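Fold and contact review
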Amino acid sequence: MKRYLQIGIIACLVNGYVHVQAQEEAKKPKIDFKASATLTSNFYSSSGIDPRQPSNMQYGIVRASVMLWDMVELPFELYFTTGQTRFQQPFNQFGVSPKISNWLTLHAGYFSTRFSDFTFGDLRLLGGGFELTPGNFRLKAVYGRSRQAIEPDKVSFAPGVYSQNAYAVSLGYGNLSKSYFNINLFHAKDDSTSVKSDSVRVKPAENLVTSIDFGVKLGKYVSLKGEGAVSAFSSNLNSDALDNVTVNVPTFLFTPNASSRIDGAGKLSLDLNPSAYWSVSLGARWVGPGFNTLGYALMPNDLLEYTISPKIRLLQNKFMLRARLGVRYNNLRDNRLATTSRLTGMVSATYQVTKIFGIDGTYSKNQIESGHKIDTLRISNVFDSYTLTPRLMFNAFGGTNNLMLTVNYQNSTDKNAYTQSLNSVKTNGVNLIHILTLPSSLSFSTTVLSNKTDMDIYSSKIAHVSETVGKRFFKDRLNTSASLGVNWVEVKDKSTQLVFRINASYSLKKYGSLSFFITNNSYRGYGVINQDYNEIYGNLQYNINF
């Protein structure tokens, strides 16, 4: 009897739980829709100079997300503009990346994603792919067009650009916040038939990169991360094929020819966090001179660098000190005429002395040297920068005051006897900002700036004064401000610039917000730059979330 009673109680509990769950599921909407839109219209006119941008241009960004049964998420993106040109990637773009539960993401249309530091990261593809992340397992694969073809322009001498297709695959396991590893592969290849012109143009290229990146948690306070990569790159697909290839590579991966080269890259970082009051990060990176990845647009190669970055907190977090020191070398295989070394360093400190007074300071150094045997080509540049910023916050004049003074000094020294007169520069600057905020929401912001630059061949002086007045109305739904600023510039001769700007933004609550600004720039030049001009720039923008 007791057993039957227990079974009955369990059955009632299960039935009640199922009933509650069914009620909760019934309350959840089957389809949930969220979207945002930004619509912008620009206006520009000028007199006295040639226009520096289009007179009128409209563009918009629409993002939407559809959630199905709280399991499948379908995000959409749409970009459009009236100022599209043939020398750009298409701005009118559409993409969708549906997220199904928390372990599956699909990509279609235009999309962006990242694999690793040496393979693929800043390309925007037109194509498709998926990302599987069930538990600690990860599988990613994408394919698409990474670049569209552009014919050479004989008028502007712009070189042609080949259409380029790319794919990437990544397989990994582990917790990314603890210990993990990933195997990555990236391939990109230009379509040599996509440019029809017979004029001189850039050669079509092919690139294959594979890497392993990993992370290891060593105890509670130490973590190690790194990546090793190998790159195969052909700078001209039209080069002669190689007859004797020791390793047969499938053609869909890579086709070696006379222009092909192979090289490697690696990086390692060690983070030590033994205390809440101090920590230090150590890093090293090596990139071979023949290493190329088309998955990153501007990744440098032929470098070896070391970095150290300590952090210290003292006086109950009132004082913070950060520093970074790095050295970099190139000419790793001694195949250049000279080796260049670079030293970079930075130290910044923040000290909140009292509740109303604090001070910040920064020093940075950048030094570049090359041991070229020819004096005219030898480089020895040193750049030093000092900044000191005391801050004060107090109550006066019927409101809250913030006063900040910034004093900076920069010195750029060129030790080359032939170019030092052009590149040695000293700059001194002082910047004073005062902000007064009244209980009525009326605010005043005053800026006074002075800057002087000295070179061997000339010197320049800049003085600036501006005032901004702001006020909120209608229970803070309308925010307005007006600014007036004057610049005095002296480079042999004096010139004056007057800038006036009006801003306004209004909240429509659930119907979005509307913002507007208009700027008038009036310039009066004398002496060598004897030119007067005037520019008006306006912007109207509407934002909504629904």
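Each remark here, short or long, concerns the structure printed above.
From a predicted model like this one, the values you see are computed outputs, not experimental measurements.

When helices and strands are tallied, the chain shows two helices and 27 strands. By residue count, 30% of the 546 residues in the chain fall in the buried class. Within the chain, residue pairs in contact and separated by at least 24 positions form 50% of the contacts whose partners lie at least 6 positions apart.

Attention now goes to the pattern of salt bridges. Under the counting rule described, the total for this entry stands at 10 salt bridges. Linking Glu 305 and Arg 328 is a salt bridge whose minimum nitrogen-to-oxygen distance equals 3.0 Å. With Glu 305 in strand 15 (residues 303-314) and Arg 328 in strand 16 (residues 319-329), the pair connects residues that are 23 residues apart, well separated along the chain. Looking at Glu 305, the relative accessible area reads 15%, which means it is buried.

It is a general feature of regular strands that their side chains alternate between the two faces of the sheet. Two strands pair when backbone bridges link them, and strand 12 (residues 222-234) and strand 13 (residues 260-272) are joined in this way by 13 bridges, in the antiparallel orientation. Directly across from Gly 228, in strand 13, lies its bridge partner Gly 266. Of the strand pairs in this sheet, strand 13 and strand 14 (residues 278-287) are connected by eight bridges, and their pairing is antiparallel. Considered in strand 14, the bridge of Leu 272 is made with Val 280. Hairpin connection, strand 13 to strand 14: the antiparallel pair is bridged by five residues.

Tallied over the full model, the rule gives nine aromatic pairs. The interplanar angle of 75° and the centroid separation of 6.0 Å between the aromatic rings of Phe 319 and Tyr 351 together place this pair among those described as edge-to-face. With Phe 319 in strand 16 and Tyr 351 in strand 17 (residues 340-351), the pair connects residues that are 32 residues apart, well separated along the chain. On the basis of relative accessible area, Phe 319 is assigned to the partly exposed category, the value being 22%. Through a chain of ring-to-ring contacts, the aromatic side chains of Phe 115, Phe 120 and Phe 186 assemble into a single cluster. One residue, Lys 471, lies across the ring of Phe 473, its end atom 4.8 Å from the ring centre.

Looking at where His 187 falls in the secondary structure, it is placed in strand 10 (residues 180-190). A relative accessible area of 6% places His 187 in the buried class. When the C-alpha positions of His 187 and Gly 295 are compared, they lie 8.4 Å apart, and in sequence the two are 108 residues distant. Looking at His 187, its side chain comes within polar contact range of the side chain of Glu 206, at 2.9 Å. For His 187, the side chain forms a polar contact with the main-chain oxygen of Leu 253, separated by 3.0 Å.

What counts, and where the lines are drawn
Residues numbered from 1 in each chain as written. Predicted model: local features only at pLDDT ≥ 70, side-chain atom pairs only at ≥ 80, totals over all residues. Heavy atoms only, no water. Helix = DSSP H or I, 4+ residues; strand = E, 2+ residues; numbered from the N terminus. Buried < 20%, exposed > 50% of the residue type's maximum accessible area, 1.4 Å probe, protein only. Contact = heavy atoms within 4.5 Å. Salt bridge = Lys/Arg side-chain N within 4 Å of Asp/Glu carboxyl O. Pairing = 2+ DSSP bridges. Phe/Tyr/Trp six-rings, centres within 6.5 Å; stacked < 30°, edge-to-face > 60°. Lys NZ or Arg CZ within 6 Å of the ring centre and 35° of its normal. Polar contact = N/O pair within 3.5 Å; in protein donor to acceptor, adjacent residues only side chain to side chain.

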